Amino acid sequence: MSEEHYLELCDSPVQFENASSVNNVFFDEANKQVFAVRSGGATGVVVKGPDDKNSIAFRMEDKGEVKCIKFSYENKILAVQRSPKSVDFINFMPDLPHSEFSQECKTKNATVLGFCWTSWNEIVFITDQGVEFYQVLPDKRSLKLLKSHSINVNWYVYCPETSVILLSTTVQGNVLQPFAFKCGTMSKMSKFEIELPVVTKPAKIILSERDIAVATIYGQLYVMYLKHHSRTGNNPGAEVVLYHLQREGACKRSHILKLNTTGKFALNVVDNLVIVHHQSSQTSFMFDIKMKDTDSNLNIHQPVLPARSIHPYKIALTGPAAVGSQTPVPCELYSSTWSVFQPDIIISASEGYLWYLQVKLKPVVSLLQDKSKLMEFLLRRRDCKMVILSVCSQMLSRGDKGSLPVVAIVFDKLNQVYKEYLEAEQSYTMAVECGPSRGSTAHKRPVRTQAVIDQSDMYTHVLSLFTERKDVSHKFIIAVLMEYIRSLNQFQITVQHYLYELVIKTLVQHNLLYMLHQFLQYHVLSDSKPLACLLLSLESTYPPAHQLSLDMLKRLSTANDEIVEVLLSKQQVLGALRFIRSVGGHDNISARKFLDAARQTKDQMLFYTIFRFFEQRNQRLRGSPNFTPGEHCEEHVAYFKQAFGEQAFIKPVTL
Amino acid sequence: FSPRMATGMQEKQYTPSLLNFFIYNPKFGPREGEEEKKILFYHPSDVEKNEKIRNVGLCEAIVQFTRTFCPSKPAKSLHTQKNRQFFFEPEENFWIVMVLCMFILNYICAEFIDTVYGAVLQQCYSMYKLFNGTFARAMEAGGVELLTQKLEKFFYRYLQTLHLQSCDLLDVFGGISFFPLDKMTYLKIQSFVNRVEESLSLIKYTAFLYNDQLIWSGLEQDDMRILYKYLTTSLFPRHSEPELAGRDSPLRPEVAGNLLHYGRFLTGPSNLKDPEAKFRFPKIFVNTDDSYEELHLIVYKAMSAAVCFMISASEELGREFCEQLDGLVGPQLTLLASDICEQYNINRRVSGSEPQFKFIYFNHMNLAEKSTIHMRKTASVSLTSVHPDLMKILGDIHADFVRVDEDEEIIVKAMTDYWVVGKKSDQRELYVILNQKNANLIEVNEEVKRLCATQFNNIFFLD
């Protein structure tokens, strides 16, 4: 069973002093920091996160109950809200005075609902009557209003990743007005309405901020709405409705995630997966908005996998009793004291823990039977490489009947991603070679994600081990190799030589040389010098390999020297000479090499012919038939003289 | 070069006809009075017994006599004024003799005639062996009685299909025409074959053909060679003729599941829907030298793509299997066939029109043959587009090539403005017929070089 928990809490949580009557805990989503404020700050503020290493501790004056406390980016300025009207600031930059300064909201009679930092010195106040965008001038200990906008606000949600603030407006609260902030500018995006379930008693706020979350999924910004259905209706259950929020244009309802149950839910986004925690069943659902359900309407999604609980987690006991080595105790999962933050944070304030939620891929492999779906799913995950490779190995080792079509689909999926990467890489290289582009945008080198599984990965982790297996039929092994080569070709990816070598090795091992011959005949194994040499080495077991090799060398057209060597080794001296002459290389060949070969044939006439050829070449190139000392042909000249006599030499022409 | 003028060509047509065809084993009736026992098969069967015994005895004597001169190479043929006898010992002590009646030809062609009909005789045996296994196995299984039965059954029909007058160089080569195909489509075919073999694991070997040309053979070369011969000269023509005639309209698509397909069995059940359909397939014998396998031969075709599936003969094949195969292969093969057709048309457009040259190419290594001289073969005759005299010159050049091991080139000026060029490089032979008035030797040589550079640029051909 434990193999089935596909969600887990991270190993090294951020630990902080648990919330109590004297210790208030705050969480800042932007910097992912936990603030433990003891006695309004007078007895200390401890800031922890985003990892457990960095913590900041300081004290501040107790000027009343802290409602909200957040650092600006890089911990430069601290903002604290203690009253409904104003926000206080403390510089944390060295060389600047630490004393507090304060800013009251500009709108009269307005109440500050909260504030959000959008950069190291820019801050947005959200009031019940609108937004106010300020620049903090720490050296002057004052703020400058950059922009403001009036609108009735019920509540707000902030997405720090994209610096977008969503404001809930109207009586029912279901019209959302997004604002985007960037480098001192505030832009109003088009508002949109959340479709509420059938309303019985209108005229009161129905859309609660608890049911809205904002997160980036696959690089796009989505507003997630947890839509509870009334129990009275015959609705199957709650659902999560995703609204796609674009910079330009209207926000559109884009996906519906079916929960098929009711109760209390919480949302996380991990590795582009939407995780929906269900408290009463203590399980979580996982959705992938890129996974298409063929049997349902477009963009209505069922959970990828059956709901499972988060992997059991143990914590050391806290409190005064926790001294020395304590045996860890199981942590209560899905506790009502948990707070869930975007994208992947779970906080237990009562126990003093902050965890990141993580997706484990291994259990997914056994839970998702459809290999094609599984591969698509894995290819979209961050740490997928080793899991994908092990899925490939596993798939091949079983050699189930009818698995070849599945193998083919899996290879195609891998190679599609591989090809896309290669293409991006290629256009990047080309762009770089063409010099800097006219626009100021620098060329960005494509990022190689783990989903890019190249030939060497497949060779090292899957194919080379697979071909060694004794319990799999060679027919299947060859079929798999050919399938991989087919897939690479289909995506026009150049096949690496070591794959061909693997094919040849396997065929030779099982004495399937005629099969090899046919593959070569149809150029399935692409021409290369190493392949031609490999074929030459097979000649003794399979004579036609000689012809195949020569043909290949010929087609390469850069292997003329190799062809000459092959022919000379076969004592085809005349053939070698005629070949090199036909390609126009006969002026550069070594006379000695040919004469040596001719001598070895013990064919007097052949030797004569070859000797005469080189005499004529000498005559043509240097005006004299004699060999130069550098050609080292003295031995052959002597032999020629002995065999055919002095008068057989070409007479030097003297003009 | 060894240019030679082919002179003194006689216009007399040679029309060889089959006089006798017999198979004997001298060990079966060694004693006097038992000579008849030696004879395992005799054509024509109505020949008087004593004449049979006389003819067999004569052959036996000739073979014995000539063996004294060269024990390793016994006589292959005997020329008389009117007849030619061809001897072949395919298995130890089993002799097949073919006697042809033909008129005297000029001496140049004599040697070639021997090569051609010698090859025809060997092919007779190979074809017999493909469908019946070896003589020795038949003897083991059922003695002389079974062997004579088998021989009778096979050769009675087979000899009627020998078309002796149209035999030529291609019969000597016994080559395989390969379908030109791009790598990607070839890999798709590989993938198809592998998948079918995987899901129908009974299948031991598969061969894939398109347009009567081979693309893939899971069988070894020698077995494929004779199976290819059978398919292209016997099975396919038999099925294409009714197709052309529009009879039994096989081009109506079948529906398997929800997929339309054009697949049908060329061997076995002609119509799966027929409740009376028979599920018997021809049996073939392969790898007779070692593993000696007997296989069912299933030939299945969709449009121009034909696939041979071979399954161990010990397996029972029934309706269920055939329906499964039809359902699996039919739709895929239909798709593949149209893919191949499309690719082929693209490639043809790219490479341009067929060459003007008339040539025959053969590669001993992979048995690949290509001829622009021969028209499409039908069941009855193979047509050539050149005069028989030119064909004879080709044969003569070939005979020269056989005699020497080394690569060579022969250029012949024929009487009628034709030049015939033969080229042998490593294991390849190329014969070109050029019709160029007033061309000289150098021009002809250049022309052939050009041909090699365009048509055969992807293989190593010595100049």
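Every residue gets a number counted from 1 within its own chain, in the order that chain's sequence is written. Labels follow written order: the first chain is A, the first ligand is 1, and so on. Under the rules for a predicted model, residues below a pLDDT of 70 receive no local features and side-chain atom pairs below 80 are neither given nor counted, while totals for whole chains, interfaces and linings still include all residues. With hydrogens and water set aside, each side-chain value is computed from the structure's full complement of heavy atoms.

As recorded in an unreviewed UniProt entry, chain B goes by CCZ1 homolog, vacuolar protein trafficking and biogenesis associated and comes from Scleropages formosus. UniProt, in the comment section headed Sequence similarities (unreviewed entry), describes chain B in these words: "Belongs to the CCZ1 family." UniProt positions are given in the numbering used here, feature names are shortened, and annotations may be inferred rather than shown by experiment.

For chain A, an unreviewed UniProt entry supplies the name Regulator of MON1-CCZ1 and the organism Scleropages formosus.

Concerning the side chain of His546 of chain A
Think of it this way: any DSSP run of H or I at least four residues long counts as a helix, any run of E at least two long counts as a strand, and we number them from the N terminus. Looking at the element boundaries, His546 of chain A is found in helix α10 (residues 544-556). Throughout, a contact is declared for two residues whenever any of their heavy atoms are within 4.5 Å. If near-sequence neighbours (up to four positions away) are discounted, His546 of chain A is found in contact with Leu536, Glu539, Val566 and Lys570 of chain A together with Asp426 of chain B.

Some remarks on the sheet that holds strand β24 (residues 265-270) of chain A
Residues and elements named next belong to chain A. Any two strands with at least two DSSP-identified bridges between them are counted as paired. The strand order β24-β25-β26 describes an open sheet built from three strands, whose pairing is antiparallel. Edge positions in the sheet fall to β24 and β26 (283-287), since each of these pairs with one other strand and no more. If you compare each strand with its neighbour and ignore which way they point, the axes differ by 25° on average. Direction of pairing for strand β25 (residues 273-278) relative to β26: antiparallel, over a ladder of five bridges. Axes here refer to lines fitted to C-alpha atoms; in helices the fit is confined to the stretch in contact. Angles between the N-to-C directions go from 0 to 180 degrees.

Notes on the packing of aromatic side chains
Residues and elements named next belong to chain B. Aromatic rings from Phe, Tyr and Trp, taking only the six-membered ring of Trp, are treated as a pair when their centres fall within 6.5 Å; an angle between ring planes under 30 degrees marks them as stacked, one over 60 as edge-to-face, and anything in between as tilted. In this structure the tally under the stated criterion is 58 aromatic pairs over all chains. Note on Phe179 and Tyr344: the rings are 4.9 Å apart at their centroids and 45° apart in plane angle, and the pair reads as tilted. Taken together, the residues Phe179 in the loop between α4 (169-173) and α5 (183-199) and Tyr344 in helix α7 (residues 319-351) connect sequence positions 165 residues apart. Note on exposure labels: buried denotes an accessible area under 20% of the residue type's maximum, exposed denotes more than 50%, and partly exposed covers the range between, all computed with a 1.4 Å probe on protein chains only. On the accessibility criterion, Phe179 (0% relative accessible area) is buried. Judged by relative accessible area, Tyr344 falls into the partly exposed class, the value being 22%. On the numbers, 5.9 Å between centres and 85° between planes, the contact of Phe192 with Phe208 is edge-to-face. With Phe192 in helix α5 and Phe208 in strand β7 (residues 203-210), this residue pair connects regions lying 16 residues apart in the sequence. Judged by its relative accessible area of 3%, Phe192 is buried. Linked through ring pairs, Phe21, Phe28, Phe41, Phe88, Phe94, Tyr125, Tyr128, Phe135, Phe154, Phe155 and Tyr158 together constitute an aromatic cluster.

A closer look at the interface of chain B and chain A
Facing 39 residues of chain B, the contacting portion of chain A comprises 42 residues. Carbon and sulfur atoms supply 55% of the area that chain B and chain A bury against each other, a total of about 3,500 Å² over both sides. Buried area: the sum, over both parts, of the accessible surface (1.4 Å probe) that disappears when the two are put together. Among the residues of chain B in contact with chain A, Lys183, Glu198 and Phe460 of chain B are the three that bury the most area, contributing 20% of the side total. By definition here, a salt bridge exists when the distance from a side-chain nitrogen of Lys or Arg to a carboxyl oxygen of Asp or Glu is within 4 Å. The partner of Glu197 of chain B in a salt bridge is Lys475 of chain A, with the nearest N and O atoms 3.1 Å apart. Each polar contact in these results corresponds to two N or O atoms within 3.5 Å; when the atoms are within protein, one needs to be able to donate a hydrogen and the other to accept it, and residues that are neighboring in sequence are counted only if both atoms are side-chain atoms. If you look at where chain B meets chain A, you find 14 residue pairs in polar contact (both at pLDDT 80 or more). For the side of chain B that touches chain A, the leading source of residues is α5 of chain B, giving twelve residues. Polar here means any residue other than Ala, Val, Leu, Ile, Met, Phe, Trp, Tyr, Cys and Pro, which are nonpolar, and Asp, Glu, Lys and Arg, which are charged; Gly is therefore polar. Taken together, the residues of the side of chain B that touches chain A break down into 16 nonpolar, twelve polar and eleven charged.

Observations regarding helix α14 (residues 604-622) of chain A
A turn of α-helix holds 3.6 residues, and therefore any two residues three or four places apart point the same way. Residue and element names in this part refer to chain A. Here the expected span of a helix is defined as 1.5 Å times the quantity of residues minus one. For α14, spanning 19 residues, the distance from its first C-alpha to its last is 26 Å, which sits close to the expected 27 Å at 1.5 Å a residue. Those residues of α14 that sit buried are Leu606, Phe607, Ile610, Phe611, Arg612, Phe613, Phe614, Glu615, Arg617 and Asn618. In this structure, the buried residues of α14 make contact with α12 (573-582), α13 (591-600) and α15 (634-644). One side-chain oxygen at the N-terminal end of α14 lies 3.1 Å from the backbone nitrogen of Met605; it belongs to Asp603. Residue Gly623 follows α14 closely and has a positive phi angle near 80°.

Points about unusual backbone geometry
Residues and elements named next belong to chain A. Between Gln342 and the following residue, Pro343, the backbone shows a cis peptide bond with an omega angle of -5°. Tracing the backbone shows Pro343 in the loop between β30 (338-341) and β31 (345-348). Positive phi values are uncommon outside glycine, yet Gln492 reaches one of about 50°. By the element assignment, Gln492 lies in the loop between α6 (474-490) and α7 (497-509). Notably, Asn511 is not glycine yet its phi reads approximately 60°, a positive angle. The residue Asn511 is located in the loop between α7 and α8 (513-521) in this model. A relative accessible area of 55% places Asn511 in the exposed class.

Quick word on the nonpolar core
The criterion is simple. A nonpolar core is a set of buried Ala, Val, Leu, Ile, Met, Phe, Trp, Tyr and Cys residues joined through side-chain atoms within 4.5 Å. Among the nonpolar cores identified, the biggest contains 249 residues, and Tyr117, Phe155 and Phe208 of chain B are the most heavily contacted of them. Broken down by element, the residue count for this core peaks at twelve residues, all from helix α2 (residues 107-132) of chain B. When residues of this core are sorted by domain, at least three fall in each of domain 1 (2-316 + 328-359) and domain 2 (571-655) of chain A. Excluding residues within four positions of it along the chain, Phe155 of chain B makes contact with Phe21, Ile23, Phe41, Cys124 and Tyr128 of chain B. Listed in part, the 22 residues of the second largest apolar core include Val157, Val164, Leu207 and Ile212 of chain A. Boundary definitions for the domains trace back to an automatic or database domain assignment.

Digging into the environment of Leu422 of chain A
Residues and elements named next belong to chain A. The topology assignment puts Leu422 in helix α4 (residues 404-433). Overall, the relative accessible area of 29% leaves Leu422 in the partly exposed class. C-alpha separation for the pair Leu422 and Asn75, spaced 347 residues apart in sequence, amounts to 41 Å.

Remarks on the packing of helix α5 (residues 455-468) of chain A against α7 of chain A
Residue and element names in this part refer to chain A. At a closest axis distance of 11 Å, the pairing of α5 and α7 adopts a crossing angle of 10°. With respect to each other, α5 and α7 are oriented roughly parallel. Across the interface between the two elements, Gln455, Ser456, Tyr459, Leu463, Ser464, Thr467 and Glu468 from α5 touch Tyr498, Leu499, Leu502, Lys505 and Thr506 from α7. When the residues that make up the contact of α5 with α7 are grouped by side-chain class, the tally is five nonpolar, five polar and two charged. Any angle that is under 35 degrees is reported as roughly parallel, and any over 145 degrees as roughly antiparallel; angles of 65 to 115 degrees are reported as roughly perpendicular and all others as oblique.

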